[in-house]
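Breakdown of the fold
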Amino acid sequence: MEFSEELKVKSQDVHNVSDKLFNSALSVALTDRSVYRMAVFRFYHVFLMIEDKIEDLRHDCNLLQTLYFPNLFRAHEFEEDVEYFYPEGMPGELTPMLEEYKLNIDRDVKDDPANLIGYLQTMQLAILSGGSILRPIIVKVLGLKENYPLGVKALDWPEGFSTANAKKLFKERLNSLELSQEQKDRIISIKMKVFELNNKLIREVTHSKESKQVAWKYLERILFVVCLVLAFIGYFYWRK
């Protein structure tokens, strides 16, 4: 079994749980920009942490150099989205869960720089796979059409860019890496941990005071968003 497939199979259960939580959280986040922007702020920092690490480590780690795709970097676009949603200036401090995320990344790459592959593969392939699906939902529900692509730049790709080809190349490079079984096992374990860390970030948003206030205020809209999200997911599922 190729390593890309092994990663997918062995993390599938955790991935399924994460998908359910994400879909539930998305229905809350899309009720109001004040809630959605908190999620954008958090994932801006996650991508920034990962991208800064690969920039720092790739020159001394051939494994990371092989998976170095600057055209897949999203931190800059996320930053523009954050600035759009926070015209008064983005928050200056990391949230408790972002601090935990950073601690995990720092600790894992200190043990072995190749461990960053677990973070890189999970987050870059996630946005390649889901960005184009989520973008029209977010634009429609949050009313972002007038200033498009502001607010969803992180989910937008340049004209002519093929997400399918990008995923294919990433997987080919991943499968070409000379990794020991011990390294593979650690990367699989880290991938599952990344899902758990993302779930905690999502809970940090949905359990916030702002989120709870908005949820009660826009309960009817939440139900509408749930139906819309499920419709999109069902559409793309049956197309496969």
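Notes on the structure in this doc start here.

Definitions and cut-offs
Residues numbered from 1 in each chain as written. Predicted model: local features only at pLDDT ≥ 70, side-chain atom pairs only at ≥ 80, totals over all residues. Heavy atoms only, no water. Helix = DSSP H or I, 4+ residues; strand = E, 2+ residues; numbered from the N terminus. Buried < 20%, exposed > 50% of the residue type's maximum accessible area, 1.4 Å probe, protein only. Contact = heavy atoms within 4.5 Å. Areas by Shrake-Rupley, 256 points an atom, 1.4 Å probe, with all protein chains shown as cover. Polar contact = N/O pair within 3.5 Å; in protein donor to acceptor, adjacent residues only side chain to side chain. Salt bridge = Lys/Arg side-chain N within 4 Å of Asp/Glu carboxyl O. Axes fitted to C-alpha atoms, helices over the stretch in contact; angles between N-to-C directions. Parallel < 35°, antiparallel > 145°, perpendicular 65-115°, else oblique. Left-handed = near helix turned anticlockwise from the far one by under 90°. Nonpolar A, V, L, I, M, F, W, Y, C, P; charged D, E, K, R; others polar. Phe/Tyr/Trp six-rings, centres within 6.5 Å; stacked < 30°, edge-to-face > 60°. Lys NZ or Arg CZ within 6 Å of the ring centre and 35° of its normal. Core = buried A, V, L, I, M, F, W, Y, C linked by side-chain atoms within 4.5 Å.

A count of helices and strands for the protein gives 11 helices and zero strands. Starting at the N terminus and ending at the C terminus, the protein contains elements arranged as α-α-α-α-α-α-α-α-α-α-α. Taking all 240 residues of the protein together, 48% fall into the buried category. At a minimum sequence separation of 6, the contacts of the protein that also span at least 24 residues come to 84%. Summed over its atoms, the accessible surface of the protein is roughly 12,700 Å², and 54% of this surface lies on carbon and sulfur atoms.

Locating Arg 33 in the fold gives a position in helix H3 (residues 33–57). Sequence spacing of Arg 33 and Leu 142 is 109 residues, and the spatial spacing of their C-alpha atoms is 6.7 Å. Excluding residues that lie within four positions of it along the chain, Arg 33 makes contacts with Tyr 84, Phe 85, Leu 142, Gly 143 and Leu 144. A polar atom in the side chain of Arg 33 sits 2.9 Å from the backbone oxygen of Gly 143.

Turning next to the pattern of salt bridges. For the coordinates displayed, the defined rule picks out 14 salt bridges. Its salt-bridge partner being Arg 42, residue Glu 204 comes within 2.9 Å of it at the nearest N-O pair. Taken as a pair, Glu 204 in helix H9 (residues 181–206) and Arg 42 in helix H3 lie far apart in primary sequence, 162 residues in all. On the basis of relative accessible area, Arg 42 is assigned to the buried category, the value being 8%. Salt bridges sharing partners connect three or more residues here, namely Lys 53, Lys 102 and Asp 106.

For Gly 131, the location among the structural elements is in helix H7 (residues 116–142). C-alpha of Gly 131 to C-alpha of Val 152: the two residues are 21 residues apart in sequence and 9.1 Å apart in space. Beyond its immediate chain neighbours, meaning those up to four positions away, Gly 131 contacts Ala 126 and Leu 155.

Further remarks concern the packing of H3 against helix H6 (residues 96–111). For the pair H3 and H6, interaxial distance at closest approach is 10 Å and the crossing angle is 20°. The pairing of H3 with H6 is recorded here as roughly parallel in orientation. Handedness of the crossing formed by H3 with H6: right-handed. Counted together, Phe 41, Arg 42, His 45, Val 46, Met 49, Ile 50, Lys 53 and Leu 57 of H3 and Leu 98, Tyr 101, Lys 102, Ile 105, Asp 106 and Val 109 of H6 form the full contact between these two elements. For the contact of H3 with H6, the class distribution of residues is nine nonpolar, one polar and four charged.

We describe a pair of aromatic rings using the distance from one ring centre to the other and the angle between the two ring planes. Here the structure, examined in full by the defined rule, presents eight aromatic pairs. Aromatic pair Tyr 84 and Phe 85: ring centres 5.2 Å apart, planes at 70°, arrangement edge-to-face. With a relative accessible area of 7%, Phe 85 lands in the buried category. Every member of this aromatic cluster is reached through a ring pair, and the members are Tyr 36, Tyr 84 and Phe 85. Its guanidinium or amino end placed over the ring of Tyr 68, Arg 58 lies 3.8 Å from that ring's centre, counting from NZ or CZ. Here Arg 74 stacks its cationic end above the ring of Trp 157, 3.9 Å away from the centre of that ring.

For the rest of this paragraph, the subject is the packing of H6 against H7. Look at H6 against H7: their axes get within 8 Å of each other, and the N-to-C directions meet at 130°. Judged on the interaxial angle alone, H7 and H6 are oblique. Listed contacts from H7 to Tyr 101, Asn 104, Ile 105, Asp 108 and Val 109 of H6 are Leu 116, Tyr 119 and Met 123. Grouping the constituent residues of the contact of H6 with H7 by class yields six nonpolar, one polar and one charged.

Across soluble globular proteins, you tend to see nonpolar side chains buried next to one another. Within the largest apolar cluster, 63 residues are counted, with the highest numbers of intra-cluster contacts made by Tyr 101, Ile 117 and Tyr 119. Those elements giving two or more residues to this core turn out to be helix H1 (3–10), H3, helix H4 (62–66), helix H5 (75–85), H6, H7, helix H8 (163–176) and H9. Of the residues forming this core, the biggest block, 13 residues, is contributed by H3. Residues in contact with Ile 117, not counting those within four places in the same chain, are Leu 63, Leu 64, Leu 67, Leu 174, Leu 177, Leu 179 and Ile 187.

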